[in-house]
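Structural characterization, general
Now for the letters of each chain:
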Amino acid sequence: MKEYKKLFQRNVTSKYDFSKFKHIVDVGGNDGTFLVEILQNTPSHVHGTVYDLPEVAKKAAENVAKHNLSGRCKTIGGNFFESVPEEGDCYILKYILNDWNDENCVSILRNISKQMKAYSKLLIIQQIDSEEVMVPLPL
Ligand SMILES: C[S@@+](CC[C@H](N)C(=O)[O-])C[C@H]1O[C@@H](n2cnc3c(N)ncnc32)[C@H](O)[C@@H]1O
């Protein structure tokens, strides 16, 4: 599973141009593995924040330091149902929304949208239920 996750993350970072951003906030970014992968593959003008529950953010800080990225990557503990960091021009929600009901999802999305500027992007990364993908299109 770990190997699959790594491969999947590498696939995303190789196919999407993250170098156009100045500051990427990974909301619910866990130990920062994905953001580390992004920052390792982008120029040094790209900075980031791993945002997760306080105890998880501590683990992220260790992981970020282990990869010598503390100068480019902050770790912030908090609750995405209350607020998210403000400095992002890119927000990532990777495998977050599928854990919550609609009401909770709206609350997370609303908190992100409060911090977004007109030019900011929100990237939602998760697997789509294949039955949803296969909804027949009207002819
Ligand atoms: C399914 S994991 C996804 C982790 C990571 N984005 C990934 O793709 O591997 C969900 C993450 O959301 C975090 N999380 C759960 N509730 C949270 C909250 N209220 N505020 C911030 N983070 C939260 C968890 O600690 C966990 O790291």
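Residues numbered from 1 in each chain as written. Predicted model: local features only at pLDDT ≥ 70, side-chain atom pairs only at ≥ 80, totals over all residues.

1. Focus on the overall build of the protein
Threshold: Only DSSP runs of H or I with at least four residues qualify as helices, and only runs of E with at least two residues qualify as strands; both kinds are numbered from the N terminus onward. Here exposure depends only on C-beta density: within 10 Å of a residue's C-beta, 20 or more other C-beta atoms make it buried, 12 or fewer make it exposed, and intermediate numbers make it partly exposed, the C-beta atoms being placed from the backbone. Contacts are defined on C-beta atoms placed from the backbone: any two residues whose C-beta positions lie within 7 Å are in contact.
On a plain count of helices and strands, the protein comes out with five helices and five strands. When the elements of the protein are put in sequence order from the N terminus, they spell out α-β-α-β-α-β-β-α-β-α. Viewed in the frame of its principal axes, the protein has a C-alpha envelope of about 55 × 30 × 30 Å. The buried share among the 139 residues of the protein stands at 25%. For the protein, restricting intrachain contacts to residue pairs at least 6 apart in sequence, the fraction spanning at least 24 positions comes to 73%.

2. Quick look at the pairing of strand E2 (residues 47-52)
On any regular strand, side chains alternate: one points to one face of the sheet, the next to the other face. To keep it simple, the criterion reads: Consider the strands pointing away from the viewer: the crossover is right-handed when the path from the first strand over the helix to the second runs clockwise. Criterion used throughout: strands pair if DSSP finds at least two bridges between them.
With six of its six residues buried, E2 lies for the most part within the structure. With burial as the criterion, each face of E2 is covered, one bearing His 47, Thr 49 and Tyr 51 and the other bearing Gly 48, Val 50 and Asp 52. Crossover strand E1 (residues 23-27) to E2 through helix H2 (residues 33-40) is right-handed. Where E2 lies against strand E3 (residues 73-77), five bridges are found, and the strand directions are parallel. Looking across to E3, one finds that Gly 48 is bridged to Cys 73. Remark: the E2/helix H3 (residues 54-66)/E3 crossover connection has right-handed handedness.

3. Quick word on the sheet that holds strand E4 (residues 90-94)
Keep this limit in mind: Every axis in this analysis is a line fitted to C-alpha atoms, fitted for helices over the stretch in contact. Angles between the N-to-C directions lie between 0 and 180 degrees.
Across the sheet, five strands lie side by side as E3-E2-E1-E4-E5; this open sheet has parallel pairing. Only two strands of the sheet have a single partner each, and these edge strands are E3 and strand E5 (121-125). Across the sheet, the axes of successive neighbouring strands diverge by a mean angle of 20°, strand direction being ignored. The sheet contact formed by E1 and E4 spans three bridges and is parallel. Bridging across to E4, Val 25 finds its partner in Tyr 91. Where H3 meets the sheet, it contacts E2 and E3, and its direction lies at approximately 165° from that of E3.

4. Observations regarding the site of the ligand
Applied cut-off: Nearness here is judged by the C-beta atom: place it from the backbone, and if it falls within 6 Å of a molecule or strand, the residue counts as near that partner. Throughout this entry, Asp, Glu, Lys and Arg are counted as charged residues, while Ala, Val, Leu, Ile, Met, Phe, Trp, Tyr, Cys and Pro are counted as nonpolar. The remaining residues, Gly among them, count as polar.
Surveying the vicinity of the ligand reveals 14 residues, the closest of which are Gly 28, Asn 30, Phe 80, Lys 94 and Tyr 95. Its residues assigned to classes, the shell around the ligand shows seven nonpolar, four polar and three charged.

Nothing here speaks to function; it is all geometry.
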